[in-house]
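Listed below, chain by chain, are the residues.
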Amino acid sequence: MKKVDHIGIAVKDLQLALPYYTEVLQLPLLGIEEVPSQNVTVAFLDAGNIKLELLEPIGEEGAVAKFIEKRGEGMHHIAFGVSSIQERMEELKAKGVQLLQDQPKQGAGGAAVAFMHPKASFGVLYELCDKGEK
Ligand code: CMX
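Criteria and thresholds
Residues numbered from 1 in each chain as written. Predicted model: local features only at pLDDT ≥ 70, side-chain atom pairs only at ≥ 80, totals over all residues. Heavy atoms only, no water. Phe/Tyr/Trp six-rings, centres within 6.5 Å; stacked < 30°, edge-to-face > 60°. Helix = DSSP H or I, 4+ residues; strand = E, 2+ residues; numbered from the N terminus. Buried < 20%, exposed > 50% of the residue type's maximum accessible area, 1.4 Å probe, protein only. Pairing = 2+ DSSP bridges. Contact = heavy atoms within 4.5 Å. Axes fitted to C-alpha atoms, helices over the stretch in contact; angles between N-to-C directions. Patch = residues over 30% accessible without salt bridge, like charges linked within 9 Å, V, L, I, M, F, W, Y side chains within 5 Å. Areas by Shrake-Rupley, 256 points an atom, 1.4 Å probe, with all protein chains shown as cover. Salt bridge = Lys/Arg side-chain N within 4 Å of Asp/Glu carboxyl O.

This structure, assessed with the given rule, holds two aromatic pairs. Arranged with centres 5.2 Å apart and planes meeting at 25°, the rings of Phe 80 and Tyr 126 form a pair that is stacked. Taken as a pair, Phe 80 in strand E5 (residues 74-81) and Tyr 126 in strand E8 (residues 126-130) lie far apart in primary sequence, 46 residues in all. Residue Phe 80 is classed as buried on the basis of its relative accessible area of 17%.

Right under this line is the structure:
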């Protein structure tokens, strides 16, 4: 795990949350995108050394909708930027870490992503995020 790429933050309504980040905190908005594989619309903000990813659920199914229903809005996951995600996943599996899928899925920006179960990581949901960068 070389670096943190972004921190995911669950919000009920992007349009309500965004002005806080762009106007009060004055973080530049990098873009807004639907990620159907994860049932979310996301907004990325430039926080200097990392990005913040605001996650608004699409519909009532999906991990983020369930998270907000159970725990309310707030910090949802930390994403490590990795290369060769499949190899990283194999290494973690060999170390006994429970991954939430066998194959990476397509995430925001076309990145290949995979998640580790929070129960395997002392209560934190970690994402591996491979943008094909070396
Ligand atoms: N961070 C920390 N703990 C979390 C969590 C999170 N984000 N989400 C759930 N948990 C905890 C719950 O509190 C619960 O703990 P307890 O058993 O102590 O109550 C446990 O994990 C199980 O949670 P649950 O509500 O029963 O939910 P599920 O088991 O149905 O799902 C999880 C949990 C992590 C498997 C599911 O959210 C998942 O598959 N996540 C990966 C995909 C994802 O999060 N996608 C959205 C982001 C997309 C993007 O970045 O683009």
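Apart from glycine, the bulk of residues carry a negative phi angle, and the bulk of peptide bonds sit in the trans form. Phi at Gln 26 takes a positive value of approximately 60°, unusual for a residue other than glycine. Looking at the secondary structure, you find Gln 26 in the loop between helix H1 (14-24) and strand E2 (29-35). Although it is not a glycine, Asn 39 adopts a positive phi angle of roughly 55°. Assignment of secondary structure puts Asn 39 in the loop between E2 and strand E3 (40-46).

This next bit is on the pairing of E8. Most of E8 sits inside the fold, with four of its five residues counted as buried. Where E5 meets E8, four bridges bridge the pair, whose relative direction is parallel. For Phe 80, the partnering residue across the bridge sits in E8 and is Leu 128. In terms of strand pairing, strand E7 (residues 112-116) meets E8 through five bridges, oriented antiparallel. Each bridged residue has a counterpart across the sheet, and for Phe 115 the counterpart in E8 is Glu 127.

With that settled, the discussion passes to the sheet that holds E7. Strand pairing in a sheet takes place through backbone hydrogen bonds and is either antiparallel or parallel in direction. Across the sheet, eight strands lie side by side as E2-E3-E4-E1-E5-E8-E7-E6; this open sheet has mixed pairing. The open sheet has two free edges, formed respectively by E2 and strand E6 (105-106), since each of these has just one partner strand. Sheet topology note: the E3/strand E4 (residues 51-57) ladder contains seven bridges and is antiparallel. Note on E4: the bridge partner recorded for Ala 43 is Leu 54. Each of strand E1 (3-10), E2, E3 and E4 is contacted by H1, which is oriented at about 5° to E3, the strand it contacts most. In the packing of helix H2 (residues 63-71) onto the sheet, the strands contacted are E1, E3, E4 and E5, and the crossing angle to E5 comes to about 140°.

Looking now at a nonpolar patch on the surface. A cluster of nonpolar side chains, Tyr 20, Val 24 and Leu 25, forms an exposed patch at the surface whose accessible area comes to about 290 Å². When you line up the elements, Tyr 20 lands in helix H1. Relative accessible area serves as the criterion here: at 43%, Tyr 20 is assigned to the partly exposed category.

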